[in-house]
Amino acid sequence: MGFSIDFGIIVLAALIHASLQLSVGCLLLLHRQGLMAKLLHKNSKDLAGSFVSGVGLLIMLAIMATGFVILNLSGHSLPAGFWCVLIGMLAGLALATWLLYYKKAGTTLWIPRTFSDFLAKRIKKTDSTTEAFGLGMVSVVGEAPFAFVLVLVAASAMVSLDSTWQLLAVGVYTLIAISPLVVTCLAIKKQGSVSGIQKWRMSNKTFLKLIGGCGFLVLAAVLIVFKLMPILGVI
């Protein structure tokens, strides 16, 4: 039962992470810039692959590092106060997702203008796989206020698992989190343009925002029932 709960928490956190849109937006911009610059198809595909690899690597390293810190500071048993803080943060992120995640115009996100301009400039100048890889990592950092809490939740559940299952959990979380990027790459390869995907994002912006915010609340409720209440002796 404990294994199923912990692994379920990790999968749920990963699904919410997958709903974040900054990395997807950067990947679309990278593809669009490649088409505008008339880059070779193979080169454009290599840039996208390096970008996705950068995203995946940083997410994987973040989970492993966070789990290592938690394990060394608190061991396998975390106090009630820790879970209370996490639950409060998730509730706050649910409200932030509904109210602040998207700006009014199009699919423009909440990130500061200076950071948005920096990403746009670097993407326009990117013509090497190394820089595309770095931009993938930077896009994860840009979502840090949302992504880090999810990574923290996943790592907190992961430390309760055996070492073999911990490695599997890291891999599962990473694969789920980057799955929208992989699907986007495949869709662009099939369609040959980014316009259709961008139109879908715009028409479904409210749905994505609703699902993301509800996901944070559901995850908070799961932590209350299966992590906080047993510590408090309620169940």
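Here's a quick rundown of the structure. (Residues numbered from 1 in each chain as written. Predicted model: local features only at pLDDT ≥ 70, side-chain atom pairs only at ≥ 80, totals over all residues. Heavy atoms only, no water.)

### Description of the overall build of the protein chain
Threshold: What counts as a helix is a DSSP run of H or I of at least four residues, what counts as a strand is a run of E of at least two, and both are numbered from the N terminus. Here the globule rule is a power law, 2.2 Å times the number of residues to the power 0.38, and the radius of gyration is based on C-alpha atoms. Partly exposed residues are those whose accessible area sits between 20% and 50% of the maximum for their type, while under 20% is buried and over 50% is exposed, using a 1.4 Å probe and protein chains only. We get accessible surface area from the Shrake-Rupley algorithm with a probe of 1.4 Å; when it comes to residues, only the shown protein chains can shield them. When charges are tallied, Lys and Arg are placed among the positive residues and Asp and Glu among the negative ones, while His and the ends of the chain are skipped. Note that the charge is assigned to NZ on lysines, CZ on arginines, CG on aspartates and CD on glutamates.
When you go through the protein chain residue by residue, the secondary structure sums to ten helices and zero strands. Across the protein chain, helices and strands are ordered from the amino to the carboxyl terminus as α-α-α-α-α-α-α-α-α-α. Here the protein chain has a C-alpha radius of gyration of 19 Å; the compact-globule value for 235 residues is 18 Å, and the two agree. Its C-alpha atoms put the protein chain at 60 × 35 × 30 Å along the principal axes. Burial status across the protein chain gives 45% buried among its 235 residues. For the protein chain, the accessible surface area stands at approximately 11700 Å², while carbon and sulfur atoms represent 71% of it. One way to put it: in the protein chain the 18 positive side-chain charges average out to a point 14 Å from where the 7 negative ones average out.

### Some words on the side chain of aspartate 6
Short version of the rule: In what follows, residue pairs with any heavy atoms lying within 4.5 Å of each other are defined as contacts.
Tracing the chain through its elements places aspartate 6 in helix 1 (residues 2-18). For aspartate 6, a relative accessible area of 6% corresponds to the buried category. Residues in contact with aspartate 6, not counting those within four places in the same chain, are Ala157, Ser160, Leu161 and Lys227.

### Description of the packing of aromatic side chains
The line we're drawing: Pairs were defined over the aromatic rings of Phe, Tyr and Trp, the Trp ring being its six-membered one, requiring ring centres within 6.5 Å. Orientation was assigned from the angle between planes: stacked under 30 degrees, edge-to-face over 60, tilted for the rest.
The full count for this structure, using the stated rule, is seven aromatic pairs. Feature note: the residues Tyr101, Tyr102, Phe146 and Phe216 constitute an aromatic cluster, connected by ring pairs.

### With respect to the nonpolar core
Heads up, the rule is: Among buried residues, the Ala, Val, Leu, Ile, Met, Phe, Trp, Tyr and Cys ones that are joined through side-chain atoms within 4.5 Å form a nonpolar core.
Formed by 71 residues in total, the largest nonpolar core has its most connected members in Leu90 and Tyr173. Residue contributions to this core peak at eleven residues, all from helix 7 (residues 144-158). Leucine 90 has contacts with Val149, Leu150, Val153, Phe216, Leu219, Ala220 and Leu223, leaving out every residue within four places of it along the chain.

### Overview of helix 7
Our working rule: Multiplying 1.5 Å by the helix residue count minus one yields the expected span of that helix.
An ideal rise of 1.5 Å per residue puts 21 Å on 15 residues; helix 7 measures up with 20 Å between its terminal C-alpha atoms. Helix 7 sits mainly inside the fold: twelve of its 15 residues count as buried. The set of residues buried in helix 7 consists of Phe146, Ala147, Val149, Leu150, Val151, Leu152, Val153, Ala154, Ala155, Ser156, Ala157 and Met158.

### Some points on the packing of helix 4 (residues 80-99) against helix 7
Keep this limit in mind: To get an axis, a line is fitted to the C-alpha atoms, and for a helix only the part in contact is used. The angle between two axes follows their N-to-C directions and goes from 0 to 180 degrees. Crossing handedness: left-handed means the near helix sits turned counterclockwise from the far one by under a right angle, and right-handed means the same turn made clockwise. Residues are grouped as follows: Ala, Val, Leu, Ile, Met, Phe, Trp, Tyr, Cys and Pro are nonpolar; Asp, Glu, Lys and Arg are charged; every other residue, Gly included, is polar.
For the pair helix 4 and helix 7, the least separation of the axes is 10 Å and the interaxial angle reads 145°. In the crossing of helix 4 with helix 7, the sense of the turn from one axis to the other is left-handed. In contact with Phe82, Trp83, Leu86, Met89, Leu90, Leu93, Ala96 and Thr97 of helix 4, helix 7 contributes Pro145, Phe146, Val149, Leu150, Leu152, Val153 and Ser156. Of the residues that constitute the contact of helix 4 with helix 7, the class distribution is 13 nonpolar, two polar and no charged.

### Points about the side chain of serine 23
We apply this condition: Any pair of N or O atoms that falls within 3.5 Å is considered a polar contact. Within protein, one atom must be able to donate a hydrogen and the other to accept it, and sequence-neighbouring residues count only if both atoms are side-chain atoms.
Tracing the sequence through the fold places serine 23 in helix 2 (residues 22-36). Here the side chain of serine 23 touches serine 139 through a polar contact of 2.9 Å, side chain to side chain. Leave out the neighbours within four places in its chain, and serine 23 touches Phe51, Val55, Ser139, Val140 and Leu181.

### Observations concerning the pattern of salt bridges
Any two side chains of opposite charge can pair, on the condition that their charged atoms come close. Inclusion rule: The term salt bridge refers to a pairing of a side-chain nitrogen on Lys or Arg with a carboxyl oxygen on Asp or Glu at a separation within 4 Å.
Considering all chains together, one arrives at two salt bridges under this definition. A salt bridge links lysine 227 to aspartate 6; the nearest nitrogen and oxygen atoms lie 2.5 Å apart. Linking lysine 227 in helix 10 (residues 205-232) with aspartate 6 in helix 1, this pair joins segments that are 221 residues apart in sequence. Like aspartate 6, lysine 227 is buried. Note that glutamate 131 and arginine 122 form a salt bridge whose closest N and O atoms lie 2.4 Å from each other. The exposure class assigned to arginine 122 is partly exposed, which follows from its relative accessible area of 26%.

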